[in-house]
Structures are given as structure tokens and as C-alpha cells.
Amino acid sequence: MSCCGTTAASSPASRKERGLPAAHDPSSFRPSSTRTTTLVPPRRPSVRSACPLESWILRTVLGTPVDPYLTAASALARSAKAGCAAMMVHYTRPSGTMPLLDEARAVARAASDVGIRMAFAIAVRDQNPIVYGDAGPVLSSLPGDDRKTIEDLFVRAPMSPKAYIELTDAIAAAIAGPMVDVQLGPAGVQWCSKPLLEAVAENSALTGRRIHMHLLETVHQRAWADQNFPDMVRWLRDIGFLSDRLTLAHCIHARPDEIEMIAASGARIVTNFSSNMHLRSGLAPIAAARRCGCAIAVGVDGLALDEDDDILREMRLVQLVHGGVGFKPAWTPAEMFALAIRNGRRATGAPGSGELVAGHPADYVVIDLDRLDRDRIMPVDPMALLFARGNASLVNEVVVGGQTIVRDGVCTGVDLPAIEQELRVMYRANVGRYTNFQRMWPPLSERLSGWFEQQLTCD
């Protein structure tokens, strides 16, 4: 998930509490199972720890959702507790326990029970399920049973572009409404054929439907693009894929001319700093993108620094890393906060700009100022304090559409501790399904590393 923002008004409530616009998370929030799956089960630090995306994304099969409703409810509730009013659900690894349409309904029911706004997209891919190219060299040296295990887990008959559009239309008919924005969700250019991307661009232009996609997240994706699709961003622009309906996650390895094309189209970039650090993906050129006029948002892409979905801490990290050098700030804390709110609402399809003014949705967060300003030695700007020491523990109340969904730091619509405990029991019982995968992971990981280092390495 991610949180985005620009400048948004805050309205004081009392010395003890201050209301702030609610955060919105436009990058994908996913399960610790798959990076492209949207929902985050109970924390699995061992799944995310220190390995590149191309390896990690396969390993996260261990976190495949065991129950779509409970997995969604746990992730959405944790996000709400951290101050998010709207989340982007980029659903990449379905549970396989029910048809996709029913799974989308389960996720929407979870969002409704939590009380949070949601953007939802089935993350689609129709090529390169294991590596960005021919996986034969990776799989050929594996014993037959091990190769079958990998193929059974990751190789599927691809969904046709027509079938994907029809599925998205069916999901929209089933769950779209004032609190749910159904979007198109191609996983990434290296995972999607040109016909699929063209179909997505055409449908978005015809219907006005938003698109969420990851782009140029890793050095290996950059190398793949240079070798196989050197005019990739220009081509996306020329087919109408780039537009103000598009949100792109990451863009870490986008070049200046590519950033300029993205900015000129009106598309947004959502940065996911902690996720990028966990996966050693690099630092996105966020300040440079903003100087080009690109709309910037902030996200956590499923898990924040401490794997706790704390979007307030994530905004602080982005401010610290990208906020400027010496006496030349890239933006003020208030500007960063406002960026996160305004652009997050646009990315998730939430109405309004996030300002607390008459006629706009009543989406806001109440922060405990006594705990934020615990020293109270002299007057300090609350926004400066928020960016110095703010975190989710300071959130007293979250209101979405005028309804309180978090009170005294506790979700009102679902019992989050009970849900997380139930999921832990289910995951522990389910992990035995992947015994063969866990056994063969070390040699498979070595083969993956060798393939990417040999085939797709940027100098």
C-alpha cells in the first residue's frame, strides 16, 4: 500500500488533539506472500528480508492468502490504524480458493467492514513468470520433481487481453461504488505483452478507468528494457497508456527523458522508500521528478520500514531522504504532507482534494498532540513535530466519509487482533504445502541470481 499527498489543510481540534487530512495509499499494498499480491498477512519478516525483487517475488509464494477476506481485513485495518483513509489493492497472487470475481467481492467486503476507501485492480501478467526471458536455463538443471513444483506454482496459461478487460468489467459491476474504485492493473511492462498493454490503454481511454502499474523498479528491469524495449516509455506515451489516469509505482531507474514524458502526461509516480530498501532496488529520483512537474505520492508497497504499515513514518523517511541538501530544501514538511494527501486521493479515486473544507468528504485523522509534543518546552509547529517524531502510535481517531473507523487507536469495524491470530494459525497449518519449495529454494535462488547476473546486468 502506499500513502500519497500534497498540501492539505488541517483543522485543530484541541490542545490535546489535532485533525489532519487522512492519508491515501496509491501504490500497491500486497500480501507478504507476493509482491504483486495486494494483501499483507501477519508479518513475515523472513519472507521480505534482504533479497532483490526478482528473487523475493517467487519466495513470497509462502504467503499466498489462505483466506481472502481475513487477509484483506488484516491489511486494510492495519493501514487504517496508521491513518490511511484509502488504499490501493493491486491484487497479484489470488488465493486460488475461489473464482477471482468472488475473491474481489471478499476483499470489497473486508474494506467495507473496516470502513476504508479502496482502489482495486487485478494485477495481470501474460509473460515472463519466472525470469525476464527464457527460464529454461534456470529450470533445466533441476530434478524433474523440483521443476514440476516450480511450474505448478508459477506457470499458468496467460489470460487474454479480452478476457482481462471482461473480468475487470465484471468486477466493477460487482463491487464499484462510492467507496470502491475498480482499476486496471498490469503488473509491469516486463510481465505484459504489447497487446495486453494496448488493450489496457484503449479500455482506460474509452471508460475513464484508472490504471495502476509498476515501472522500472530494479536494475534488472532497466537492463531488460534496454535490451528488449529501449523505447518503452515513449511507446507507452504513443499508445495513450501514459495519461492523468495512470499511477506508476517506483520508477527508480527511469531516465530524465522518461521522467519528463511521464510528467508531461499528467501521470503520478508513487515512491515506496522502505520497500525499495528492503529489496535493494535503489533510490527513486523523486525530487527531480517533482522539479519536472510530476505529481508525487508516497507509499509503503505492502510493508513499511518495520513491517507495520506505518505510513506516517514512511512520509518522514521520504522527507529525510529526498527533502533536499544543505540550505536548498526540495519541499517543506507541509508541502510533502500535502503531496501525499492530494495525489493519493487522485491515485485511489477518492473524491475531493483532501482539504478539510465545506463540501469535501469528511476524511481526517486525529493526532494526539500531547504525546507528539511531549516535552512542551516552547511552541513548535505541529507539522514540524509530526515529521520529526510522528508515527502510527499517535493516531487517536480516523474518520472516513464522516464515520469513525478508528477510535483510541483501535479499529471499530473489525477485531484486528483476533483476525491476525486466526490468520497466524491458518498460515502455520498451511505452510506445509510448500515443504518442497522451501527445500529447493537455496539452489533455485542461486540459479535465479546467476541468470539475472549473466543476462540482465546494468553497468
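None of these values were measured; they are calculated from a predicted model.

Draft legend 1. Highlighting unusual backbone geometry. Not every positive phi belongs to a glycine, and Asn 128 is a case in point at roughly 55°. Secondary-structure assignment places Asn 128 in the loop between β7 (117–124) and α5 (136–139). Looking at Asn 128, the relative accessible area reads 14%, which means it is buried. Positive phi values are uncommon outside glycine, yet His 250 reaches one of about 85°. Here His 250 shows up in strand β11 (residues 246–250). The buried category is assigned to His 250, whose relative accessible area is 1%.

Draft legend 2. Inspection of the packing of helix α7 (residues 161–175) against helix α8 (residues 194–207) at higher detail. At their nearest, the axes of α7 and α8 sit 9 Å apart, and the two run at 35° to each other. Handedness of the crossing formed by α7 with α8: right-handed. Packed against α7, whose contacting residues are Pro 161, Tyr 164, Ile 165 and Asp 169, the element α8 presents Pro 195, Leu 196, Ala 199, Val 200 and Asn 203 at the interface. Residues of the contact of α7 with α8, tallied by class, amount to 7 nonpolar, 1 polar and 1 charged.

Draft legend 3. Representation of the pattern of salt bridges in the model. Taken as a whole, this structure holds 21 salt bridges when the rule is applied. The residue Asp 309 makes a salt bridge to Arg 78 at a minimum N-O spacing of 2.9 Å. Here Asp 309 is found in the loop between β13 (295–299) and α14 (311–322), whereas its partner Arg 78 is found in helix α3 (residues 68–81), with 231 residues between them in sequence. Arg 78 sits in the buried class, given a relative accessible area of 4%.

Rules behind the numbers
Residues numbered from 1 in each chain as written. Predicted model: local features only at pLDDT ≥ 70, side-chain atom pairs only at ≥ 80, totals over all residues. Heavy atoms only, no water. Helix = DSSP H or I, 4+ residues; strand = E, 2+ residues; numbered from the N terminus. Buried < 20%, exposed > 50% of the residue type's maximum accessible area, 1.4 Å probe, protein only. Axes fitted to C-alpha atoms, helices over the stretch in contact; angles between N-to-C directions. Left-handed = near helix turned anticlockwise from the far one by under 90°. Contact = heavy atoms within 4.5 Å. Nonpolar A, V, L, I, M, F, W, Y, C, P; charged D, E, K, R; others polar. Salt bridge = Lys/Arg side-chain N within 4 Å of Asp/Glu carboxyl O.

Spatial relationships are all this shows, so hold off on functional conclusions.
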